[in-house]
Amino acid sequence: MGARVLVAKPGLDGHDRGAKIVARALRDAGFEVVFTGIRQRVADIVATAVQEDVAIVGLSILSGAHIALTGRTVEALRAAGADDIAVVVGGSIPAADVRRLCEAGATAVYPTGTPLDDIVADIRKLTADRED
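So, a few notes on the structure that sits alongside this text. Since this is a predicted model, take the numbers as computed values, not measurements.

Quick word on the overall build of the protein
Consideration 1: Assigned secondary structure in the protein consists of five helices and five strands.
Consideration 2: Tracing the protein from N to C terminus, the helices and strands come up as β-α-β-α-β-α-β-α-β-α.
Consideration 3: Here the protein has a C-alpha radius of gyration of 13 Å; the compact-globule value for 132 residues is 14 Å, and the two agree.
Consideration 4: Along the first, second and third principal axes, the C-alpha set of the protein runs to 35 × 35 × 25 Å.
Consideration 5: Expressed as a percentage of the 132 residues in the protein, the buried residues total 42%.
Consideration 6: When the accessible surface of the protein is summed, it comes to about 6700 Å², and 51% of that surface belongs to carbon and sulfur atoms.
Consideration 7: The averaged location of the 18 negative side-chain charges in the protein is 6 Å from the averaged location of its 15 positive side-chain charges.

Have a look at this one:
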């Protein structure tokens, strides 16, 4: 089995179709995927990530709060001693915000329309040292 990946929907956003499509693509590619469901608090996402011993937290954000939620997630992982867990972000991300997300601690950003094969290939590279 491949590395463990947490797919999470932080904040008030209730649209999860994209997150479910990405989660399925990762699962089909051999990753073990944990999906938190919608409207998750950052603290709960981090607790699940630590408990499930994931290599990556994938945040799916459509609400426009992507910069704040990413920064809070990265900070909370650090505070939990889990700064070895990479954070990637996907969703309705304006091109102008990609750099800001990386500055907030995102390892990778996948705006709407990113091919699934590209996401899977990136996650495979990011988790290469954690695969069983």
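The structure having been displayed, the exposition proceeds.
Looking at the sheet that holds strand β5 (residues 108–111)
Consideration 1: Strand order in the open sheet made by the five strands is β2-β1-β3-β4-β5, with parallel pairing throughout. One side of each edge strand has no neighbouring strand; the edge strands of this open sheet are β2 (32–35) and β5. Pairwise comparison of adjacent strand axes, ignoring direction, gives a mean angle of 20° for this sheet.
Consideration 2: When strand β1 (residues 4–8) meets β2, the two strands line up parallel, connected through four bridges.

Let's talk about the pairing of strand β4 (residues 86–91)
Consideration 1: For β4, the tally of buried residues reaches six of six residues, placing the bulk of the element in the interior.
Consideration 2: By the bridge criterion, six bridges tie strand β3 (residues 56–61) to β4 in an arrangement that is parallel. Note on β4: the bridge partner recorded for L59 is V89.
Consideration 3: Looking at chain direction, β4 and β5 are connected through four bridges and run parallel.

A word on the pattern of salt bridges
Consideration 1: A complete count under the given rule lists eight salt bridges for this structure.
Consideration 2: Notably, a salt bridge pairs E52 with R4, separated by 2.1 Å at the nearest N-O pair. Taken together, the positions of E52 in helix α2 (residues 42–52) and R4 in strand β1 put the pair 48 residues apart, joining distant regions of the chain.
Consideration 3: On the accessibility criterion, E52 (25% relative accessible area) is partly exposed.

Description of the side chain of S60
Consideration 1: Residue position: S60 is located in strand β3.
Consideration 2: Accessibility expressed as a relative area gives 12% for S60, which makes it buried.
Consideration 3: Not counting residues up to four positions away in its chain, the partners in contact with S60 are A8, K9, P10, D13, A19 and G90.

Description of the packing of helix α1 (residues 17–28) against helix α5 (residues 116–126)
Consideration 1: For the pair α1 and α5, the least separation of the axes is 10 Å and the interaxial angle reads 55°. On the basis of their axis angle, the class for α1 and α5 is oblique. The chirality of how α1 crosses α5 is right-handed. On α5, the residues touching I21, V22, A25 and L26 of α1 are L116, I119, V120 and I123.
Consideration 2: Residues of the contact of α1 with α5, tallied by class, amount to eight nonpolar, no polar and no charged.

Basis of the calculations
- Residues numbered from 1 in each chain as written.
- Predicted model: local features only at pLDDT ≥ 70, side-chain atom pairs only at ≥ 80, totals over all residues.
- Heavy atoms only, no water.
- Helix = DSSP H or I, 4+ residues; strand = E, 2+ residues; numbered from the N terminus.
- Rg over C-alpha atoms; globule rule 2.2 N^0.38 Å.
- Buried < 20%, exposed > 50% of the residue type's maximum accessible area, 1.4 Å probe, protein only.
- Areas by Shrake-Rupley, 256 points an atom, 1.4 Å probe, with all protein chains shown as cover.
- Lys, Arg positive; Asp, Glu negative; His and termini not counted.
- Charge placed at Lys NZ, Arg CZ, Asp CG, Glu CD.
- Pairing = 2+ DSSP bridges.
- Axes fitted to C-alpha atoms, helices over the stretch in contact; angles between N-to-C directions.
- Salt bridge = Lys/Arg side-chain N within 4 Å of Asp/Glu carboxyl O.
- Contact = heavy atoms within 4.5 Å.
- Parallel < 35°, antiparallel > 145°, perpendicular 65-115°, else oblique.
- Left-handed = near helix turned anticlockwise from the far one by under 90°.
- Nonpolar A, V, L, I, M, F, W, Y, C, P; charged D, E, K, R; others polar.

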